[in-house]
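# Structure at a glance
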Amino acid sequence: ADEGSPFVLRAGGAGTLARDASMHLGDGWPGEDGGAGNSTAAVYANACDSVNAAASEYYLSKILPESAYSLRAKTSYQESSVRYASGFLDKFLPFNAHVRSLLAGMGMKDENISPGRCSMAPHVSNVCAALCPEGMSYPVGGPRALCKALEGAILQCGGRIVTGAPVKELIFEEEKKKKKDGKGKKAKQSAKKEGDDAAATASADASGSDTADKPRVVGVILHDSKNTAIKIHPSSGAIVSHVGFIPTFVHLVPNDVRNVHGVPRGLPALSERRPLVQILVGLKGTADELSVTGADFYRLPNARIATDEVDEVTGQVKMGEIGSDGGGGNGGNEEETKEGEGGDNDIDDTGGPGQHRGKRSHSKGGGGGGRRYKFDRGVSWMKIAFPSAKDPSWEERHPGMTTCVITVEAEDDLVTMFDSKPRVYSIHPHKAGGGDAARMVDKVMRDLTENFPQLEGKVECIGLRGPYRTGLSHGPERYAAKGVRADSPYPGLYVGGSELTVGDSYSASMVGSWLAANAVCGYSFLDHLYLEKNVTTDLEQFLDEPAGGMSDEEDDEEYVLAVPYKLKDVPDPVMMAEDEGGKKGGEKGKSGVTGEDE
């Protein structure tokens with residue numbers, strides 16, 4: 001019972017899950033008429049589906065004024081968002097610990113957080129997504145095809161794309177001196193004195209509060225050699241940040257602005273997820289030759305089977321805690337720190353400009369205790385994916401090669417957690433092939449060949465990417481925070497991406513971007529709730545249907561693609577300009593498609 005037993009989650013929906021759970025986990029058999037029958041897994045899946053039916057209405061509230069949305073009755077999804085998933089699992093699945101563990105893993109496979117600390121809202125959304133009868137989808141041509149299609153649309157509309165230069169800081173307009181009454185001055189002094197929590201509470205958020213006294217965002221400063229400043233229209237321009245709430249308001253908003261005007265409500269109570277590391281592996285041979293498929297492999301210590309106990313006198317079952325040894329970055333080997341290392345030392349800089357002063361911690365799950373997280377083979381959270389096996393065009397473009405991406409949590413040698421408000425991680429710079437990173441990669445690669453022994457001796461190349469931030473943790477605090485919404489206390493500044501919905505999901509990122517686009521366009525609650533008017537309906541009404549989709553021939557299964565399979569190398573415009581200015585120092589480096597489709 002302690003060792004993980006792989007369970008293949010097949011497409012086909014709740015019926016397929018119920019049959020597999022019955023055969024492999026001893027669950028009840030589903031009904032012959034397609035109903036749940038005696039299957040507790042099917043009953044739980046149906047319950048999740050009924051709760052998830054109100055998810056769209058809940059996430060729409062992220063762009064509606066709080067005063068308008070508060071008049072509507074709370075939905076079951078909204079109420080579940082501030083509750084823990086463990087209570088629902090224990091109530092619906094009290095008798096079979098294996099089925100309970102399976103549904104816990106389906107509910108949160110992308111973050112190492114146990115059901116006892118995970119919100120029920122993302123749990124039910126993930127369960128419903130995993131039970132989609134059609135299975136999962138993958139873009140033909142890989143994610144690069146989507147990027148190339150978006151690039152063409154942006155350039156045709158007069159847009160500009162800048163890559164390789166992250167944003168260093170947001171630019172705010174200079175505040176105009178206004179005469180304020182004594183009450184306003186007193187409130188301002190109180191906010192400064194009480195710190196970030198009071199400032200965040202006092203600060204006006206975009207859920208209906210007045211933002212006239214907040215400075216407007218007017219541009220960004222790039223993190224390049226020249227500190228290039230890019231300005232937007234001072235009155236109607238908008239900046240949409242997709243780097244996440246904590247990086248946006250803790251790292252990018254200047255200290256002097258944040259200290260006076262605060263951050264979105266509830267942000268200081270949130271926690272950042274442990275950063276992730278990806279190991280990119282090139283394998284010699286096709287997917288068929290290597291016997292790998294497009295299915296992802298997950299090892300989930302946060303769904304470790306609970307140890308239930310039976311009272312010998314009363315016969316009553318006391319249910320154990322699912323993933324009690326694995327939630328929130330705990331599912332690995334944790335070594336004792338050396339004396340004097342990882343103590344409660346106050347540190348000003350936590351890895352970025354404008355971060356909060358906090359205590360450094362190497363703790364298990366974020367508390368004290370002086371223990372360090374290490375990747376443990378066979379135990380720690382891990383995801384193994386073969387992106388090239390999902391793309392039907394890969395073999396034509398890159399014959400005889402397969403790609404593999406292994407995702408693990410960053411060790412404490414690479415990151416440091418700070419018990420600040422909000423709780424954040426500092427990412428340590430490391431050299432490629434350096435000691436700590438190299439040891440971790442070696443352990444991960446040995447874990448790969450233990451789970452996929454057919455890959456032994458087939459590795460052509462290995463690359464390390466990260467650590468990189470993955471957003472807010474999926475606790476109830478995230479969904480209770482009033483300030484986690486598309487618009488912000490600062491006029492002209494918006495937040496998009498999956499943090500508005502459910503993290504680590506392409507579809508969730510699309511929904512988050514849709515919410516941000518509607519917020520920027522200024523659709524009112526009357527438009528959304530009564531007129532059914534939004535950016536999608538307007539595009540359908542005023543734009544012609546784009547060419548694409550299936551071809552006209554019914555028997556022809558070829559798709560009309562926005563971007564063809566075979567992409568010619570696209571020269572870098574900067575390098576072209578340098579070449580035209582004078583060819584000095586020999587041949588210029590070539591730029592173009594590198595084949596890194598993962």
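Parameters at a glance
Residues numbered from 1 in each chain as written. Predicted model: local features only at pLDDT ≥ 70, side-chain atom pairs only at ≥ 80, totals over all residues. Heavy atoms only, no water. Axes fitted to C-alpha atoms, helices over the stretch in contact; angles between N-to-C directions. Helix = DSSP H or I, 4+ residues; strand = E, 2+ residues; numbered from the N terminus. Parallel < 35°, antiparallel > 145°, perpendicular 65-115°, else oblique. Contact = heavy atoms within 4.5 Å. Nonpolar A, V, L, I, M, F, W, Y, C, P; charged D, E, K, R; others polar. Buried < 20%, exposed > 50% of the residue type's maximum accessible area, 1.4 Å probe, protein only. Pairing = 2+ DSSP bridges. Phe/Tyr/Trp six-rings, centres within 6.5 Å; stacked < 30°, edge-to-face > 60°. Salt bridge = Lys/Arg side-chain N within 4 Å of Asp/Glu carboxyl O. pLDDT = per-residue confidence, 0-100. Polar contact = N/O pair within 3.5 Å; in protein donor to acceptor, adjacent residues only side chain to side chain.

## Digging into the packing of helix α7 (residues 97–107) against helix α8 (residues 120–130)
One can describe the packing of α7 onto α8 by two numbers: an axis separation of 7 Å at closest approach and a directional angle of 95°. Put simply, α7 runs roughly perpendicular to α8. Contacts between α7 and α8 involve L103, A104, M106 and G107 from the first element and P122, H123, N126, V127 and A130 from the second. For the contact of α7 with α8, a count of residues per class yields six nonpolar, three polar and no charged.

## A look at the pairing of strand β15 (residues 415–418)
Burial of β15 is two-sided: the residues V415 and M417 facing one way and the residues T416 and F418 facing the other way are all buried. Both β15 and strand β16 (residues 424–427) contribute to a ladder of four bridges, which runs antiparallel. Each bridged residue has a counterpart across the sheet, and for F418 the counterpart in β16 is V424. Counting the residues between successive antiparallel strands, the hairpin from β15 to β16 contains five residues.

## Focus on the packing of aromatic side chains
Inspection of the entire model under this criterion finds eight aromatic pairs. Note on Y59 and Y77: the rings are 5.6 Å apart at their centroids and 65° apart in plane angle, and the pair reads as edge-to-face. Taken together, the residues span a long stretch of sequence, with Y59 in helix α3 (residues 55–60) and Y77 in helix α5 (residues 76–81) at a distance of 18 residues. Considered together, Y59 and Y77 belong to a single accessibility category, that of buried residues. Through a chain of ring-to-ring contacts, the aromatic side chains of Y58, Y59 and Y77 assemble into a single cluster.

## Observations regarding the sheet that holds strand β14 (residues 401–409)
If you trace the five strands from one edge of the open sheet to the other, you get β6-β13-β14-β5-β17, paired in antiparallel fashion. A strand with exactly one partner marks an edge of an open sheet, and here the two such strands are β6 (297–299) and β17 (459–468). The average angle at which neighbouring strand axes cross in this sheet is 15°, direction not considered. For β6 and strand β13 (residues 382–385), the ladder comprises three bridges, and the chain directions are antiparallel. Pairing of Y298 across the sheet is with K383, part of β13. Helix α17 (residues 435–451) contacts β5 (276–284), β6, β13, β14 and β17 of the sheet and is inclined by roughly 120° relative to β14.

## Overview of the pattern of salt bridges
By the definition in use, this model includes 19 salt bridges. Here D413 makes a salt bridge to K374, at a shortest N to O gap of 2.0 Å. Of the two residues, D413 sits in the loop between β14 and β15 while K374 sits in strand β12 (residues 371–374), which places them 39 residues apart along the sequence. Neither residue differs from the other here; D413 and K374 are each classed as buried. Between R446 and D442 there is a salt bridge, with its nearest N and O atoms 3.4 Å apart. You can see R446 and its partner D442 sitting in helix α17, four residues apart, about one turn around the helix.

## Points about the confidence of the model for the chain
Residues of the chain with pLDDT of at least 70 account for 74%, and the chain-wide mean is 77. Overall, residues 177–209 carries pLDDT values under 50, and its contacts beyond four positions in sequence, including any with other chains, amount to 46 contacts. Residue range residues 325–358 is modelled with pLDDT below 50. Its contacts to residues more than four positions away, or to other chains, number 104 contacts.

## Section: the sheet that holds strand β2 (residues 217–222)
With respect to topology, three strands assemble into an open sheet ordered β1-β2-β3, the strand pairing being antiparallel. Looking along the sheet, the strands with just one partner apiece sit at the ends: β1 (167–172) and β3 (229–231). Across the sheet, the axes of successive neighbouring strands diverge by a mean angle of 25°, strand direction being ignored. Judged from the three bridges that link them, β2 and β3 form a sheet pairing that is antiparallel. Bridge assignment links G219 to a residue of β3, and that residue is K231.

## A short note on the side chain of T75
Note that T75 resides in the loop between α4 (66–69) and α5. Within the local environment of T75, its side chain forms a polar contact with the backbone nitrogen of Q78, the two atoms lying 3.2 Å apart. Every residue in contact with T75, bar those within four places of it in the chain, is listed here: A54 and E57.

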